[in-house]
Structure formats: structure tokens, C-alpha cells
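Okay, here's what each chain looks like letter by letter:
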Amino acid sequence: QVQLVESGGGSVQAGGSLRLSCVASGRTFFTYTMGWFRQAPGKEREFVAAITRNGVTTYYVDSVKGRFTISRDNAKATVYLQMNSLKPEDTAVYFCAERRVGARLYDRQYEYGYWGQGTQVTVSS
């Protein structure tokens, strides 16, 4: 049974920073590409970032490029999302997810088989 547990969310003012963590358990973490998604109130869940299993390649949605950084520590079975220069429009529940083996796309929810429970990020202006 795979478990993903996010932490690190909170409330910050615009321009501030937060670092989200997601700890995985239940299988060999380093085998899987990991991703972060977010869902704002009244909106669909959207892709934020992904990182390949060896950490070499990363992907970002355009709106967070240059502000967010995804990273991972396979020894700790943890994936991180460093969020800088936060904006009110970044307010959402953030979810980490484990991409399915053999999946082709990085930014589609259906390519991810396991999800965490989410952590709230609120950015005030």
C-alpha cells in the first residue's frame, strides 16, 4: 500500500516562500517519477511540477517557472516543492502524486496512480 503524506503548507503574504514536502512509503520510491498538482477553490486540479526518478529532469507549468523548484531525496523517499515569490493566485490545496510506470505524459492527472491527501497553501495580498 503506497502512502504519500504532504506537509509544509500554510499562510504567507505575497512575495513569501514555503517549502512543501511529500514523504512516500510502501514501495521503492526511487523507481517513480513524482509530481505536484494543485487545486484552487472552484477550479480543476492542475499540474504544477514533476521530477523524474533520478532527479535529472524536471517539468513545470509556465505560471510557476522561475519561482518554484521541485527536487527529491531518494534516500529519504521525499519530494519537495520550494515555492518562492508566492502570489495570491498560488492559493490552493497542493497534492503530491506518484506517476504510473509506463505513463507518457507528465502533466495529466490520469497518469498518476497514487495521491497524497493535500496541504493547503494560502497567499494573501
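Anyway, here's the lowdown on the structure attached to this text. Only a predicted model underlies this, so the values are computations on that prediction, with no experimental measurement involved. (Residues numbered from 1 in each chain as written. Predicted model: local features only at pLDDT ≥ 70, side-chain atom pairs only at ≥ 80, totals over all residues. Heavy atoms only, no water.)

All right, on to the state of the cysteines then. Scanning the entire structure with this criterion turns up 1 disulfide. The disulfide partner of Cys-22 is Cys-96, and the S-S distance across this bridge is 1.9 Å. Taking the sign of the S-S torsion, about 45° here, the bridge from Cys-22 to Cys-96 comes out right-handed. With a gap of 74 residues between them, Cys-22 in strand β3 (residues 18-25) and Cys-96 in strand β9 (residues 92-99) connect regions that are remote in the sequence. Look at Cys-96 and you get buried, because its relative accessible area is 0%. (Disulfide = S-S within 2.5 Å. Helix = DSSP H or I, 4+ residues; strand = E, 2+ residues; numbered from the N terminus. Buried < 20%, exposed > 50% of the residue type's maximum accessible area, 1.4 Å probe, protein only.)

What follows covers the packing of aromatic side chains. Applying the stated criterion across every chain yields a total of 5 aromatic pairs. For the ring pair Phe-37 and Phe-47, a centre distance of 5.6 Å and an interplane angle of 75° mean the geometry is edge-to-face. Highlighted residues: Phe-37 in strand β4 (residues 34-39) and Phe-47 in strand β5 (residues 46-51), separated in sequence by 10 residues. The two residues Phe-37 and Phe-47 agree in class, both being buried. Linked through ring pairs, Phe-37, Phe-47, Tyr-112 and Trp-115 together constitute an aromatic cluster. (Phe/Tyr/Trp six-rings, centres within 6.5 Å; stacked < 30°, edge-to-face > 60°.)

Per the stated rule, a full pass over the model turns up 5 salt bridges. Between Arg-38 and Glu-46 there is a salt bridge, and its shortest N-O distance comes to 2.6 Å. A salt bridge links Asp-62 to Lys-65; the nearest nitrogen and oxygen atoms lie 3.0 Å apart. Residues joined in a network through salt bridges with shared partners are Arg-38, Glu-46, Arg-67 and Asp-90. (Salt bridge = Lys/Arg side-chain N within 4 Å of Asp/Glu carboxyl O.)

This part is about the sheet that holds strand β8 (residues 78-83). If you trace the 4 strands from one edge of the open sheet to the other, you get β1-β3-β8-β7, paired in antiparallel fashion. Two strands lie at the open edges of the sheet, namely β1 (3-7) and β7 (68-73), each paired on one side alone. For this sheet, the mean angle separating the axes of adjacent strands, direction not counted, is 15°. Relative to β8, β3 runs antiparallel, the two being bridged by 6 bridges. Pairing of Arg-19 across the sheet is with Gln-82, part of β8. (Pairing = 2+ DSSP bridges. Axes fitted to C-alpha atoms, helices over the stretch in contact; angles between N-to-C directions.)

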